[in-house]
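# Working through the structure, step by step
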Amino acid sequence: MRRLLRGYVFTITGIAVGVAGLVALGAMAERIVRFIEGGDRFVLGQISVAGKGMGMGVGFTAGGLLPASKIREVAAVPGVAGVQAQIMLPLNTSTSQFLTLAQELVLGLDLSTPMPNRHYRELPVRQGRFLRPGDRHVTVLGADFAASRGLRPGGRIMLERTPYTVVGVLERTLTAPDRFAIVSIEDARELWVAKDPMLLNFTLGRGDLNTGAAVGWTLSEDGDTVARRIAATVSGVNVTIPSEISRVLRSSTAFFSALLVGIGALGLVIGGLSLSNTVAAAVFERIREFGIKRALGATDLQLGNEIFGESQPGGRGGGHRPRRHARRVHQRLRRRSRAASVPLLAAPRPRGAALLRRPGRRRRGVCDGPGRAGVSRRSDSPRHLMLRAVNLVKSFPGPNAEPVRVIRGADLRVAAGEYVAINGASGSGKSTLLNLIGLLEDPDAGELWIADRRLSGASRTEKSRARGRLIGYVFQSFLLIASLTALENVALAVRYTGGNRAAARRRAQALLDEFGVGHRRDHYPPQLSGGEQQRVAFCRAVLNHPPLLLADEPTGNLDDEQAHVIRDALRARARAGAAVVVVSHRAEPARDADRVLTLIEGVLK
């Protein structure tokens, strides 16, 4: 289980981060939309008026100074029900004024005039109280403003180096007031002058220090109409039309919604592609592992048993009942597997067929040591025929449904102790021929005999048994299982043949030591060099002392020194009595061969 988690930790983390990101994105989208919708309600309740030009003012009343005389002119416009002078100052002047929706502001209100906003006649207070006329150096904080600083009524906050006492915290309005620090307009003027003392040189008095005003209208009037009337009557002011501001906010809502939906969709696509890629890679790796295990003699029942065992809760690390259940299933599957192999195993056994004994009949088997191996027992006896291929034919589907014949009647005989090299150009069908000989593929026609047993017409289970006991493979691409250590990869060769596993591990360690990679026994294939991987793969191929050893470009990916080690090992196996067949497009493996054949147009010559 730890290996499984280690192999997929990045995928699991990526999925978790992706899900968390989508949740955060959804929350952000909801917050922005509700914030803008709250702002829409706020601006539709009043007309905002500001002085001409751009000054310190921010927010909906952004602009230059709005003198007291202009406020009086606005109040005199027909349809105006009330005007409240205001000052909006950024708490942090380094923040861009284009981010006023999320900006923390100091809002100064003329408390002698009721709020004219028809949707907010007074701002709702959650804790404490709201400001009263005559209050100085006290403040009411918006919900987000107070929460970000952990403040509540009775707390203290510094505004322009002046301490202010918190007397109230507003209810959450989901709009601009949530980020306000509200003070009296007199206090706001002091804060403004503290920021910019030169202001008093350009005004008639402190009463002219206003950034804008909130204007209400009578019930019989339309807000847009009154706003346009103010703009036409009073010069030198900026007037916002409530419906136009609402339209801008609603378009902002649509923009943010579309943006966040697009980001979310992109995240889902990327996450989906990552997940599907990971699943595809995992399935591919699993199929690759099954292929390797089948080459080592695993039957369909044994592979199914492995999958079933891995799927059981606690099958890997906990729970005795699941383990006992998996063990019972394993025993039943083994009995069925033995029964399926009876046609092959019950037949009369000539020499060499003795290696096809059913697993489990004797505790000491093919891994009991070189002295007990079937190959070594024949090393002093006359050579006998180990491999016989007669008129093998193999085709593959080609373009326009026309079959492409790769092997065209190949004949091959290899005796025990003989080293045969098969040369041929790349693409000539050498690997296909080796797969046919090794029972990994079925020929379209022809016969194949290994150890005097006809296997070309055998069942899948019979072929699997024969692969595990009679054939050893040395692949060009090594084909080690990445989730197993070097020692485990070598010992895997005995898992499906019924040999003694403890003896197999001892033999595997001895082989690794013999080939100079014993110190790498606990390393995983990605941690090994190419030469080390090939030596581990060779140890796995010869662990069971197979009488037939097949090698597909065994030195194709190695340097000269590493290639020399593998060639010496192949010669040693032939001297020990194994039939060795090597296919390669290079000349080096052929130098040590007893015979050299060439595959030309699908025929051995």
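For the structure given in this document, a descriptive report is provided here. Bear in mind the structure is a predicted one, so any value in this text is a computation, not a measurement.

Calculation rules
Numbering of residues starts from 1 in each chain and follows the order in which that chain's sequence is written. The predicted origin of the model limits local features to residues at a pLDDT of at least 70 and limits the giving and counting of side-chain atom pairs to 80 or more, whereas totals for whole chains, interfaces and linings rest on all residues. Side-chain metrics rest on all non-hydrogen atoms present in the structure, leaving aside hydrogens and water. Working definition of a nonpolar core: buried Ala, Val, Leu, Ile, Met, Phe, Trp, Tyr and Cys residues. They are joined through side-chain atoms within 4.5 Å. Residue burial is assigned from relative accessible area. The probe radius is 1.4 Å, only protein chains are included, and a residue is buried under 20% of its type maximum, exposed over 50%, and partly exposed in between. Any two residues whose heavy atoms approach within 4.5 Å are treated as being in contact. Strands are labelled as partners when DSSP assigns at least two bridges between them. In this text, helices come from DSSP runs of H or I with a minimum length of four residues, and strands from runs of E with a minimum of two, each type numbered from the N-terminal end. One less than the number of residues in a helix, times 1.5 Å, gives the span that helix is expected to have. Throughout, the arc means that of the directions going from the helix axis to the C-beta atoms.

### Overview of the nonpolar core
In this structure, Ile47, Val49, Val215 and Ile230 are the most contacted members of the largest nonpolar core, which totals 39 residues. The contact partners of isoleucine 230, leaving out residues within four places of it in the chain, are Ile47, Val74, Val77, Val80, Val215 and Val239. Counting residues in hydrophobic clusters, the runner-up holds 38 residues, among them Val490, Ala541, Val542 and Leu570.

### With respect to the pairing of strand β12 (residues 403–415)
Side-chain positions along a regular strand alternate between the two faces of the sheet. Note that strand β11 (residues 385–397) and β12 share 10 bridges and pair antiparallel. Paired with alanine 389 across the strands is leucine 412, a residue of β12. The antiparallel pairing of β11 with β12 creates a hairpin that spans 5 residues between the two strands, and asparagine 400 there sits at a positive phi of about 60°.

### A look at the environment of valine 183
As for its position among the elements, valine 183 is in strand β8 (residues 180–184). For the pair valine 183 and valine 138, spaced 45 residues apart in sequence, the C-alpha separation works out to 6.5 Å. Not counting the four nearest positions on each side in its chain, valine 183 is found in contact with Val106, Leu107, Gly108, Leu109, Leu131, Val138, Thr139, Leu159, Tyr164 and Ala188.

### Here's the deal with the environment of arginine 229
Positionally, arginine 229 belongs in helix α5 (residues 223–233). Relative accessible area serves as the criterion here: at 25%, arginine 229 is assigned to the partly exposed category. Taking the C-alpha atoms as reference points, arginine 229 and valine 239, separated by 10 residues in sequence, lie 9.7 Å from one another. Every residue in contact with arginine 229, bar those within four places of it in the chain, is listed here: Val77, Pro78, Gly79 and Glu221.

### Some points on helix α16 (residues 560–575)
Look at α16: 22 Å from first C-alpha to last across 16 residues, which is about the 22 Å you get at 1.5 Å a residue. All of the buried residues along α16 are Gln562, Ala563, Ile566, Arg567, Ala569, Leu570, Arg573 and Ala574. Relative to the axis of α16, the buried residues are bounded by an arc of 160° and lie together on one face. Facing away from the buried side of α16, by more than 90 degrees, are the exposed residues Asp560, Glu561 and Arg575.

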